[in-house]
Amino acid sequence: MVDSLDNRPLAGRVALVTGAARGIGAAIAARLIADGALVYAGDVLEEEGRAMAAGLDGACSFQRLDVTDEAEWAAMMERIARETGRLDILVNNAGIYGPASLQDESAAGFRRMFEINQFAIFWGMKCAVPLMTLGGSIINLSSIGGMVGYKGTFAYAGAKWAVRGMTRSAARELAPLKIRVNTVCPGVIDTPMFYENDPALLNQFLASIPLGALGKPNDIASAVAFLASDQSHYVTGTDLLVDGGMLA
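None of the values given here were measured: they were computed from a predicted structure. (Residues numbered from 1 in each chain as written. Predicted model: local features only at pLDDT ≥ 70, side-chain atom pairs only at ≥ 80, totals over all residues. Heavy atoms only, no water.)

1. Topic: the layout of surface pockets
By volume, the largest pocket amounts to about 1300 Å³. Lining the largest pocket are 50 residues, and of these Gly95, Ile96, Tyr97, Tyr156 and Met193 lie nearest its centre. Elements supplying a minimum of two residues to the lining of the largest pocket: helix H1 (23–34), strand S2 (38–43), helix H4 (107–128), helix H5 (154–174) and helix H6 (199–207). When grouped by side-chain class, the residues that make up the lining of the largest pocket number 24 nonpolar, 17 polar and 9 charged. Empty space within the second largest pocket amounts to approximately 360 Å³. Forming the walls of the second largest pocket are 18 residues, and the residues nearest its centre are Gly135, Gly136, Lys178, Ile179 and Arg180. Where the lining of the second largest pocket is concerned, the elements lending two or more residues are strand S5 (136–141) and strand S6 (179–186). Residues that form the lining of the second largest pocket fall into these classes: 6 nonpolar, 6 polar and 6 charged. (1 Å grid on protein atoms, 1.4 Å probe; cavity = no way out; pocket = protein on both sides within 12 Å on 5 of 7 lines; lining within 4 Å. Points joined across faces, edges and corners; volume = space filled by probe spheres on them. Helix = DSSP H or I, 4+ residues; strand = E, 2+ residues; numbered from the N terminus. Nonpolar A, V, L, I, M, F, W, Y, C, P; charged D, E, K, R; others polar.)

In structure tokens form, the structure reads like this:
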């Protein structure tokens, strides 16, 4: 039952966040809960995911979710339907990074990148729509690597560009159902993923940020919270850059 005295922006909403065990996903889950949402969290990192959820005062329910596995998506959606009857917010955050050039990328690496960074977002949106009976907000995580070309990120860039295309198509298709679909495009964020780059490039990345510092997971969580809320009720089919000015 919704507490009519709770005036937090997401009070009474039900959210699902993928890749929520740590980093940006964990920050998003915590922020949505702080804004009043009931959050379901999914990840393949079960131990970390359960520990993350346990620290959020009972407002977060964790379940294993391999975003490339259709059966695990079905199990998550069945649980949400059984326990709440609906879904209002989907945050497709799960993703991987693996820098490699066109010539160095393998078929297996390319396929894995698209399975996790693109197919999973397609399947997540497809599974979520039947539960968004009151409308809703879908937020897909892309990247500045999905907006410009960076040397040595061939498969990653391809998948992240695709996320933006799927988002815009879905925004048009789902608008009659009052479901908004947007992307958040992080820049260089202080998570383990950033340190997968060649150490020689790290200072170059930092020097390219006009605001002069790495972003934090909470910076991305704030953008997601905005797109999840009614404050963005007229925003759909767009990209929200959170990059410290890198692409300015």
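2. A closer look at the pairing of strand S1 (residues 14–18)
Burial analysis of S1 places 5 of its 5 residues in the buried class, which makes it a mostly covered element. Judged by which residues are buried, S1 turns out to be covered on both faces: Val14, Leu16 and Thr18 on one side and Ala15 and Val17 on the other are all buried. In terms of strand pairing, S1 meets S2 through 5 bridges, oriented parallel. The residue of S2 that forms the bridge with Ala15 is Val39. Here S1 pairs with strand S4 (residues 89–92) via 3 bridges, running parallel. Bridging across to S4, Leu16 finds its partner in Leu90. (Buried < 20%, exposed > 50% of the residue type's maximum accessible area, 1.4 Å probe, protein only. Pairing = 2+ DSSP bridges.)

3. A word on the side chain of Glu105
Secondary-structure assignment places Glu105 in the loop between S4 and H4. Of the buried charged residues, Glu105 lacks a salt bridge, with Arg112 as the closest side chain of opposite charge at 9.0 Å. From its side chain, Glu105 meets the backbone nitrogen of Phe110 in a polar contact 3.5 Å long. (Lys, Arg positive; Asp, Glu negative; His and termini not counted. Salt bridge = Lys/Arg side-chain N within 4 Å of Asp/Glu carboxyl O. Polar contact = N/O pair within 3.5 Å; in protein donor to acceptor, adjacent residues only side chain to side chain.)

4. A short note on the sheet that holds S1
Read across the sheet, 7 strands follow the order S3-S2-S1-S4-S5-S6-S7 without closing on themselves; strand pairing throughout is parallel. The outermost strands of the open sheet, each flanked by one partner alone, are strand S3 (60–64) and strand S7 (239–242). Each strand of the sheet is rotated relative to its neighbour by a mean of 20°, with strand direction disregarded. (Axes fitted to C-alpha atoms, helices over the stretch in contact; angles between N-to-C directions.)

5. Quick notes on a nonpolar patch on the surface
Residues Leu102, Phe110 and Phe154 make up a contiguous nonpolar surface patch of roughly 280 Å² in combined accessible area. In this structure, Phe110 sits in helix H4. (Patch = residues over 30% accessible without salt bridge, like charges linked within 9 Å, V, L, I, M, F, W, Y side chains within 5 Å. Areas by Shrake-Rupley, 256 points an atom, 1.4 Å probe, with all protein chains shown as cover.)

6. A closer look at the packing of aromatic side chains
Counted by the stated rule, this structure contains 6 aromatic pairs. A centroid spacing of 5.6 Å and a plane angle of 65° characterise the contact between Phe122 and Trp123, whose relative ring orientation is edge-to-face. By relative accessible area, which is 17% here, Trp123 ends up buried. Counting every residue linked through ring pairs, the aromatic cluster contains Phe110, Phe114 and Phe154. (Phe/Tyr/Trp six-rings, centres within 6.5 Å; stacked < 30°, edge-to-face > 60°.)

7. A few points about H4
In this model, H4 (22 residues) spans 30 Å end to end at C-alpha, consistent with the 32 Å of a helix rising 1.5 Å per residue. At Glu115, H4 shows its largest kink, close to 40°. (Expected span 1.5 Å × (residues − 1). Bend = angle between axes of the 7 residues up to and from the residue.)

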